[in-house]
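Residue strings, one per chain:
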Amino acid sequence: MYRGFLTDYNATMKRTLLGGRTPRNFLREYWQKKPLLVRAALPGFKGLLPRKDLINLACRDDSQSRLVMGHGDEWQVENGPFVARDFSRLSKKNWTLLVQDVNYFLPSARDLLRGFDFIPHARLDDLMVSYAPRGGGVGPHFDSYDVFLLQGMGRRLWQISSQHDRSLIEDAPLKILNDFRPEQEWILEPGDMLYLPPGYAHNGVAEDDCMTYSIGFRAPSYQELATQFLVHLQDSIEIGGIYHDPDITLQSHPSHISSSLLQQVGLALAKIKWNKSDIEQFIGIYLTEPKIHVFFTQPLPPLTQKKFMQQVKRNGLRLDLKSRMLCRGKSVFLNGEACLVGVIARRVLERLADQHEIAAGEGLDEEVISLLFQWYLYGYILVNN
């Protein structure tokens with residue numbers, strides 16, 4: 001297990017993570033441009049959880065997991081949640097278990113993600129962990145997002161290609177490349193890491209029992225953003241009036257849509273407007289909206305606000321592992337909700353968003369306490385014991 005990742009983290013370790021490069025250099029030379037292999041990116045890293053614990057996560061109703069079996073042109077995919085006996089029937093090779101959002105369940109996984117905070121939180125998606133015996137993999141493919149592939153226990157062979165041919169095997173349950181032509185390959189040992197930009201073809205195959213930690217980043221399509229933005233606008237737009245046609249004329253074909261109808265509707269729709277503030281509110285809400293399978297547990301019984309304030313001042317608090325929090329201007333966004341706050345509150349809540357915690361003894365004004373208490377009741381934040 002890799003302990004103390006966050007508490008010992010500093011600029012020197014960040015350069016180790018990136019193979020001696022500064023974050024600024026990495027962003028300038030590699031991010032979304034070309035792959036980077038880093039040997040001993042995290043020296044001594046063997047992983048955050050054993051195989052049996054990953055299987056236990058895959059058996060939970062509130063996790064998302066997949067079981068991929070096969071190789072070559074023959075593949076099969078099953079979606080979780082699973083039961084323990086599902087794994088006893090598997091062969092000793094050629095299968096992979098993948099569990100998404102492991103950072104929702106392990107504090108050490110969130111700590112690991114904090115090591116990648118040279119990329120804005122707004123871009124972070126999740127930590128996916130995979131386990132595979134010898135020969136296990138998900139086939140050659142490409143992703144539409146950036147990913148850091150950090151090796152835990154065991155060894156995995158990675159092959160990569162900058163090929164432009166993205167044709168896929170027909171009728172396969174996975175998006176597997178039809179003609180993968182590897183250009184480079186390496187065997188990653190525990191603590192090694194491979195960064196891949198979007199669109200880079202790659203294939204990972206377990207050399208022995210191994211676990212890989214995939215730090216993935218969000219890359220929504222413009223179509224998705226446009227669709228969700230229009231959904232967001234429906235709660236704020238207000239266009240007066242009602243369709244009317246006192247000067248309607250007789251049509252020779254009653255089934256035809258008239259030009260006057262189209263013109264009137266077009267003029268009404270042209271009144272839909274938005275500004276920079278609308279976009280800011282939308283993107284903050286959109287990027288912090290919990291995934292569909294995420295639920296928060298409310299405290300039972302809850303503390304009174306007075307006792308809550310006392311415990312926070314004495315012990316501090318932290319975001320729930322499933323919470324997503326971002327800031328922009330005077331707005332703070334938490335789990336799909338937007339709050340306008342004052343200058344002092346903004347500074348405190350910005351630290352919470354950056355560091356995922358508020359230390360004991362920190363001065364909190366009435367506005368902050370009131371807001372934090374409401375979030376505590378929702379289950380968005382937890383008081384430290």
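In what follows, the structure referred to is the one given above.
Residues numbered from 1 in each chain as written. Predicted model: local features only at pLDDT ≥ 70, side-chain atom pairs only at ≥ 80, totals over all residues. Heavy atoms only, no water.

Participant: A description of the packing of helix α10 (residues 343-355) against helix α11 (residues 366-378) should follow, citing residues and the corresponding values.
Facilitator: Interaxial distance between α10 and α11 falls to 9 Å at its minimum, and their mutual angle equals 40 degrees. The angle between the axes of α10 and α11 places the two elements in the oblique class. Note on packing geometry: the crossing formed by α10 with α11 is right-handed. Between α10, through Ala345, Val348, Leu349 and Leu352, and α11, the contact on the second element is made entirely by Glu367, Val368, Leu371, Leu372 and Trp375. By residue class, the composition of the contact of α10 with α11 is 8 nonpolar, no polar and 1 charged. (Axes fitted to C-alpha atoms, helices over the stretch in contact; angles between N-to-C directions. Helix = DSSP H or I, 4+ residues; strand = E, 2+ residues; numbered from the N terminus. Parallel < 35°, antiparallel > 145°, perpendicular 65-115°, else oblique. Left-handed = near helix turned anticlockwise from the far one by under 90°. Contact = heavy atoms within 4.5 Å. Nonpolar A, V, L, I, M, F, W, Y, C, P; charged D, E, K, R; others polar.)

Participant: I'd love a proper account of the packing of aromatic side chains, names of residues and values included.
Facilitator: The full count for this structure, using the stated rule, is 24 aromatic pairs. Between Phe118 and Phe148, the ring centres sit 6.3 Å apart and the planes meet at 90 degrees, which makes this aromatic pair edge-to-face. Remark: Phe148 occurs in strand β6 (residues 147-151) and Phe118 occurs in the loop between α5 (107-114) and β5 (124-132); sequence separation between them is 30 residues. With a relative accessible area of 12%, Phe118 lands in the buried category. For Phe148, a relative accessible area of 0% corresponds to the buried category. In this arrangement the basic side chain of Lys34 is found over the ring face of Tyr30, its NZ or CZ atom lying 4.9 Å from the centre. (Phe/Tyr/Trp six-rings, centres within 6.5 Å; stacked < 30°, edge-to-face > 60°. Buried < 20%, exposed > 50% of the residue type's maximum accessible area, 1.4 Å probe, protein only. Lys NZ or Arg CZ within 6 Å of the ring centre and 35° of its normal.)

Participant: Explain the packing of helix α9 (residues 305-315) against α11 to me, and be specific about the residues and the numbers.
Facilitator: Contact pair α9 / α11: the axes reach a minimum separation of 10 Å and the direction vectors enclose 105 degrees. Between α9 and α11, the crossing angle belongs to the class labelled roughly perpendicular. Between α9 and α11, the residues in contact are Gln305, Phe308 and Met309 and Ile369, Ser370, Leu372, Phe373 and Tyr376, respectively. Split by residue class, the contact of α9 with α11 holds 6 nonpolar, 2 polar and no charged.

Participant: Tell me about the environment of Gln251, and please be specific about residues and values.
Facilitator: Here Gln251 shows up in the loop between α6 (222-233) and α7 (259-269). At 3.2 Å, the side chain of Gln251 and the backbone oxygen of His256 are in polar contact. (Polar contact = N/O pair within 3.5 Å; in protein donor to acceptor, adjacent residues only side chain to side chain.)

Participant: Please give an account of the nonpolar core that cites residues and values.
Facilitator: Membership of the largest hydrophobic core comes to 74 residues, with the highest contact counts inside it found for Leu97, Phe148, Leu349, Leu372 and Trp375. Take this core: its biggest share by element is 7 residues, from α11. Sequence-distant contacts of Leu349, defined by excluding residues within four places in its chain, comprise Met325, Cys327, Val332, Val341, Val368, Leu371, Leu372 and Trp375. Val147, Trp186, Leu188 and Leu194 belong to the second largest nonpolar core, which has 9 residues in total. (Core = buried A, V, L, I, M, F, W, Y, C linked by side-chain atoms within 4.5 Å.)

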